[in-house]
Amino acid sequence: MKLRIITIVYWFLLVYIIAALVYWFIVLENQNSQMTELRIEELKKDASAFTQQYDAIQAQHKRKVVQYISEGATFLLLIILGASFVYSAVRKQIRLSHQQQNFMMAVTHELKTPIAITKLNLETLQKRTLEEAQQQKLIANALQETDRLNVLTNNILVTSQLETGTYKLNRQETDLATLVREGVKDFNGRFPKRVIQLNAEENIFVNGEILLLQMLLNNLLDNALKYSPKESVVKVGLIKKKQNALLYVADEGGGIPADEKKKIFQKFYRIGNEATRQTKGTGLGLYLCKKIVKDHHGTFWLSDNKPHGAIFTVQLQAI
Ligand code: ADP
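Since we're looking at a predicted model, the values are computed, not measured.

What counts, and at which threshold
Residues numbered from 1 in each chain as written. Predicted model: local features only at pLDDT ≥ 70, side-chain atom pairs only at ≥ 80, totals over all residues. Heavy atoms only, no water. Phe/Tyr/Trp six-rings, centres within 6.5 Å; stacked < 30°, edge-to-face > 60°. Buried < 20%, exposed > 50% of the residue type's maximum accessible area, 1.4 Å probe, protein only. Lys NZ or Arg CZ within 6 Å of the ring centre and 35° of its normal. Near = heavy atom within 4 Å. Polar contact = N/O pair within 3.5 Å; in protein donor to acceptor, adjacent residues only side chain to side chain. Areas by Shrake-Rupley, 256 points an atom, 1.4 Å probe, with all protein chains shown as cover. 1 Å grid on protein atoms, 1.4 Å probe; cavity = no way out; pocket = protein on both sides within 12 Å on 5 of 7 lines; lining within 4 Å. Sits in = over half its atoms within 2 Å of the grid points. Helix = DSSP H or I, 4+ residues; strand = E, 2+ residues; numbered from the N terminus. Nonpolar A, V, L, I, M, F, W, Y, C, P; charged D, E, K, R; others polar. Domains from an automatic or database assignment. Points joined across faces, edges and corners; volume = space filled by probe spheres on them. Salt bridge = Lys/Arg side-chain N within 4 Å of Asp/Glu carboxyl O. Core = buried A, V, L, I, M, F, W, Y, C linked by side-chain atoms within 4.5 Å.

A. Highlighting the packing of aromatic side chains. Under the counting rule described, the total for this entry stands at nine aromatic pairs. Plain terms: the ring middles of Tyr23 and Trp24 are 6.0 Å apart, the flat faces sit at 75° to each other, and that makes the pair edge-to-face. For the residue pair Tyr23 and Trp24, the accessibility class agrees, reading exposed in each case. Among the aromatic residues, ring-to-ring pairing joins Tyr10, Trp11 and Tyr87 into one connected group. In this structure, Arg190 is placed above the aromatic ring of Phe187, and the distance from its NZ or CZ to the ring centre is 4.6 Å.

B. Just the site of the ligand, in detail. Near the ligand lie 17 residues; those nearest to it are Asn223, Tyr227, Asp251, Arg270 and Thr282. In this structure, an oxygen atom belonging to the ligand sits 2.4 Å away from a side-chain N or O atom of Arg270. Within the backbone of Thr282, one N or O atom sits 2.8 Å away from an oxygen atom of the ligand. Contact with the protein chains covers 95% of the free accessible surface of the ligand, which is 530 Å². Using a 2 Å cut-off from the grid points, one finds that the ligand occupies the largest pocket. Among the elements of the structure, helix 5 (210–226) and helix 6 (285–295) are those that each provide at least two residues to the shell around the ligand. A breakdown of the residues in the shell around the ligand according to their chemical character gives eight nonpolar, six polar and three charged.

C. Expanded view of the domain arrangement of the chain. What the domain assignment reports for the chain is domain 1 (2–97) and domain 2 (172–317). Once you take the C-alpha centre of each, domain 1 and domain 2 turn out to be 55 Å apart.

D. Expanded view of empty space enclosed by the protein. Throughout the structure, instances matching the rule amount to one cavity of 30 Å³ or more. Roughly 40 Å³ of volume is contained in the largest cavity. Along the walls of the largest cavity sit Leu176, Leu179, Val180, Leu213, Leu216, Leu217, Leu247, Val314 and Leu316, which together make up its complete lining. Counting only elements with at least two residues in the lining of the largest cavity, the list comes to helix 4 (176–190), helix 5 and strand 7 (310–317). Residues belonging to the lining of the largest cavity are distributed by class as follows: nine nonpolar, no polar and no charged.

E. Broad picture of the pattern of salt bridges. This structure, assessed with the given rule, holds seven salt bridges. Close ionic contact of Arg148 with Glu110 constitutes a salt bridge, the shortest N to O distance being 3.8 Å. Within this pair, whereas Arg148 is found in helix 3 (residues 132–164), its partner Glu110 is found in helix 2 (residues 50–127), the two being separated by 38 residues in sequence. Overall, Arg148 belongs to the partly exposed group, its relative accessible area being 25%.

F. Here's a closer look at the nonpolar core. Within the largest apolar cluster, 43 residues are counted, with the highest numbers of intra-cluster contacts made by Leu220, Leu221, Val236, Phe300 and Phe312. The set of elements that each furnish at least two residues to this core consists of helix 3, helix 4, helix 5, strand 4 (233–241), strand 5 (244–250), helix 6, strand 6 (299–304) and strand 7. With nine residues, helix 5 is the largest single contributor of residues to this core. Counting five residues, the second largest nonpolar core, distinct from the first, contains Phe103, Phe268, Leu284 and Tyr287.

Pasting the structure below:
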């Protein structure tokens, strides 16, 4: 609604300004023509210099027309440039504030759910005497939820620190093959019912920050599992190509529509709308991944999996 009002006012003002510009051009041109006519009438038709004076008046008329057109065109260009700048800036701002609202809603929900589940599990353990197996199940469940909380808070903290430049990257020689293997093992433990296939070459080293590279892999794996059916396979690969380490995470989910491919890397952006969305999330994961890869001077891209699904690939310089 707000956006609609702003758009209407904006277009009204823009059309008014351009119409005023055109109106002034017409008025000036009319004045110019009248002046020219008057000056020609004042000429003495029988004078010997008539043709010369007539040509001079006509030339001046033309010069004026060119002057009005070029000044008008410059104004018009400046107005259009300014207007398109304002338009995109306002739209961007409104979209960002809208996404921020969604983010706040998502975060509140994402924080409340694990806290509520953990609290309930702990209360059950405290109040009732349960069998060992049941106790272990409740504890494992509570741990899983605290893991989720940990991931979420880390994502939020690291994103804001990377953005403000307060996060000091501690890059060191990192065994990416081991990092990926352990990351996948951790996910296999957390999601025993899912199939995650790993195909990693050994001895691939990069100059990187372990914590950030782990977050990168975790976010990609988390998404691959979240956005693909439970019975499908997620493939993780690590290969060395020339002097580069290529890490990819491929899933067999619905993939990402062409018009969303750029948007999903924006901060807080999630496909669909809050009311109909089934999955949990904050829209920070891919934004953070992109930032991490950029800070490691690498490249990060998305491609389509065949017959369906998404493949996220990270390319880092190997050492
Ligand atoms: P979140 O998962 O918290 O919503 P992300 O930044 O990780 O945030 O992802 C942004 C959006 O991109 C997601 O909401 C989802 O719609 C889409 N997306 C991300 N990964 C995948 C994937 N592997 N398959 C399909 N869609 C995905």
